[in-house]
Amino acid sequence: MSDPTYRPVAPNERIATLDVLRGFALFGILLMNLETFNGPLELSFTGIDQHWQGIDRWADAFVYIFVQGKFFTLFSLLFGVGFAVMAQRAEAAGRDFTRFYLRRSCGLLVIGLLHALLLWSGDVLLSYALLSFVLLAFREAPRSWLPVLGVASYLVPVGLMLLLGLLMQFVAADAAAGMAADAAASIERQRQAYGHGGYGQALVQRLRDTGVALSALLLVGPQVGGMFLIGSWFARSGAIARPGEHVRLWAVLRWLALPAGLAVMLLSVYTLPYIAPGRYDLPVGIASALTSVAGLLMCLGYLGWGVRLADGLRWLAPVGRMALSNYLLQSLVCTLVFYGYGLGWYEQMARAWQLVFAVVLFALQVLLSRLWLQHFSFGPVEWLWRAVTYLQMPPMRRQRGHGA
């Protein structure tokens, strides 16, 4: 007889590799985001910044080539994996998944909105929550369709980048200059609000930046949604839960997808290593398209290596089990360190030192997560999210027979 009540899964029901992969992806996201905490968001996606020299330039190039756009993509894929795993378990137990998942998505929507407005406008949770509703429409899609639909969705913005770059070739020079001026004005507003303003000024700017980010979902949304679908396939096919049954797949991702993605990324850097804010023309469109394709391929390659090395990376599992709490904690710590209402280190930390800062902060998170989970079953934000999702207060302290 099926049990319609949702409860947190027991330890033996968890897919341990998923926790490791989430921890791995969270570290990559921190490496990528440090630049956006230290300076204006619009200066963080310009390629290899021209003003860095020496080791700082090498650090910036490393993040751009190996990190930026790859771990955000990986995290999106893992979100899709989590959706499919929950749906499979609900179906096996004969439970109504739709209402449960809608509550879960609405809870994430609120958390993401609060994060974007109160802490950091570079939030990704709000976008994930909005796009998560689309996943329900593909719950019954044939499994073999998912990777095809996912890749097709991901490549739609790639085609739009090329088309927009081509169209911009015919735009008058004064229009292009206007775009550059708008970008410069936006950068200066962010610099004044985050670097020199108080909390109230930063709050107003975050509201503006969040609106811009949501409008960008028209371009970013299909890519994130595509990764959701690809992640769903990895779960429904059993490739994540039973990697030993898909040896050829993982070998292809490690030894073909990753090198191919790196080659495409290097071609993008060769085409255009730096993109001035507000500039958009055919070379920018080509470089952006190449970067997006590289992000997909390298993400899959990283996934392949993450699965292969999961046993040796088990120390990442605690931080992955508390991925939501740790993601928000990164924003809290970094804004208090860099923003004007905190220590005021905005645009003060050299690029190489940013990476050192990220490593130290993440190492502390690994340690704190391990200590926390020795006493508690959930991270604090995960506990709150589960309370909303399950419509009950799960026991916070560890109990025998219950996992995170």
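Look up: the structure comes first, before these words.
In what follows, the accompanying structure is described. (Residues numbered from 1 in each chain as written. Predicted model: local features only at pLDDT ≥ 70, side-chain atom pairs only at ≥ 80, totals over all residues. Heavy atoms only, no water.)

Formed by 103 residues in total, the largest nonpolar core has its most connected members in Leu77, Phe234, Ile240, Leu303 and Phe338. It is helix α3 (residues 71-93) that contributes the most residues to this core, 13 residues altogether. Beyond its immediate chain neighbours, meaning those up to four positions away, Leu303 contacts Leu21, Leu74, Leu77, Phe234, Ile240 and Trp250. (Core = buried A, V, L, I, M, F, W, Y, C linked by side-chain atoms within 4.5 Å. Buried < 20%, exposed > 50% of the residue type's maximum accessible area, 1.4 Å probe, protein only. Helix = DSSP H or I, 4+ residues; strand = E, 2+ residues; numbered from the N terminus. Contact = heavy atoms within 4.5 Å.)

Next up on the list: the packing of helix α10 (residues 247-271) against helix α11 (residues 282-308). Think of two packed helices as two axes; the pair is described by the angle between the axes and how far apart they sit. Contact geometry for α10 and α11: axes closest at 7 Å, N-to-C directions at 155°. Relative to α11, the element α10 lies roughly antiparallel. Note on packing geometry: the crossing formed by α10 with α11 is left-handed. Class assignment for the residues of the contact of α10 with α11 results in 23 nonpolar, six polar and two charged. (Axes fitted to C-alpha atoms, helices over the stretch in contact; angles between N-to-C directions. Parallel < 35°, antiparallel > 145°, perpendicular 65-115°, else oblique. Left-handed = near helix turned anticlockwise from the far one by under 90°. Nonpolar A, V, L, I, M, F, W, Y, C, P; charged D, E, K, R; others polar.)

A few words now on helix α5 (residues 125-135). Most of α5 is tucked away, with eight of its eleven residues classed as buried. All of the buried residues in α5 are Leu125, Leu126, Ser127, Tyr128, Ala129, Leu131, Ser132 and Leu135. Buried residues in α5 make contact with α3, α4 (97-118), α8 (199-215), α9 (217-236) and α13 (323-338).

Now for the packing of aromatic side chains. This model, assessed by the stated rule, comprises 25 aromatic pairs. Judged by centre distance (5.5 Å) and plane angle (80°), the rings of Tyr128 and Phe228 are edge-to-face. With Tyr128 in helix α5 and Phe228 in helix α9, the pair connects residues that are 100 residues apart, well separated along the chain. Cluster of aromatic residues (ring-pair linked, three or more members): Phe72, Phe75, Phe79, Tyr128 and Phe228. Positioned over the ring face of Trp385 is Arg104, at 4.0 Å from the centre of the ring. The ring centre of Trp305 lies 5.5 Å from the NZ or CZ of Arg254, which sits over that ring. (Phe/Tyr/Trp six-rings, centres within 6.5 Å; stacked < 30°, edge-to-face > 60°. Lys NZ or Arg CZ within 6 Å of the ring centre and 35° of its normal.)

As a further point, take unusual backbone geometry. Among all residues except glycine, the phi angle is most often negative; among peptide bonds, the trans geometry is most common. Unusually for a residue other than glycine, Glu347 sits at a positive phi of about 60°. Structurally, Glu347 is set in the loop between α13 and α14 (351-373). When its relative accessible area of 35% is taken as the criterion, Glu347 is described as partly exposed. Non-glycine residue Leu391 carries a positive phi angle of around 55°. Among the secondary structure elements, Leu391 is positioned in the segment after α15 (380-390).

Side chains of Val156, Leu160, Leu163, Leu166, Leu167, Phe170 and Leu219 sit close together on the surface and give an oily, nonpolar patch of about 670 Å² of accessible area. It is helix α6 (residues 145-168) that contributes the most residues to the nonpolar patch, five residues altogether. Within the fold, Leu160 resides in helix α6. (Patch = residues over 30% accessible without salt bridge, like charges linked within 9 Å, V, L, I, M, F, W, Y side chains within 5 Å. Areas by Shrake-Rupley, 256 points an atom, 1.4 Å probe, with all protein chains shown as cover. Salt bridge = Lys/Arg side-chain N within 4 Å of Asp/Glu carboxyl O.)

This part covers the pattern of salt bridges. Counted under the stated rule, the structure contains nine salt bridges. For the salt bridge of Asp311 with Arg314, the shortest nitrogen-to-oxygen distance reads 3.0 Å. For Asp311, a relative accessible area of 62% gives the class exposed. With a relative accessible area of 40%, Arg314 lands in the partly exposed category. Each of Glu35, Asp60 and Arg351 takes part in salt bridges that share partners, so that together they form one network.

So, about the packing of helix α1 (residues 16-38) against α13. α13 packs onto α1 with a crossing angle of 20° between their chain directions and a minimal axis gap of 11 Å. Classified by the angle between their axes, α1 and α13 sit roughly parallel to one another. As for how α1 packs across α13, the hand of that crossing is right-handed. Residue-level inspection shows Arg22, Leu26, Ile29, Leu30, Asn33, Leu34, Phe37 and Asn38 of α1 in contact with α13, the latter providing Ala323, Asn326, Tyr327, Gln330, Ser331, Cys334, Thr335 and Phe338.

Here the focus is α8. Quick reminder: α-helices carry 3.6 residues per turn. Residues three or four places apart thus point the same way. An ideal rise of 1.5 Å per residue puts 24 Å on 17 residues; α8 measures up with 24 Å between its terminal C-alpha atoms. Turning to α8, its buried residues number three or more, namely Ala202, Gln205, Arg206, Asp209 and Thr210. For α8, the buried positions fall inside an angular range of 145° around the axis, keeping them on one side. Turned more than 90 degrees from where α8 packs its buried face, Val204 and Leu207 sit exposed. Of the surrounding secondary structure, the elements contacted by the buried residues of α8 are α4, α5 and α7 (173-196). (Expected span 1.5 Å × (residues − 1). Arc of directions from axis to C-beta.)

Turning our eyes to something else, we now look at the environment of Ile275. Relative to the helices and strands, Ile275 is located in the loop between α10 and α11. Residue classification places Ile275 among the buried residues on the basis of a relative accessible area of 11%. In sequence terms Ile275 and Val307 are 32 residues apart; their C-alpha atoms lie 34 Å from each other.

If you trace the backbone, Ala257 turns up in helix α10. On a C-alpha basis, the gap between Ala257 and Leu102 in space is 35 Å, while along the polypeptide they are 155 residues apart. Contacts of Ala257, omitting those with residues within four sequence positions, involve Val252, Leu297, Met298 and Gly301.

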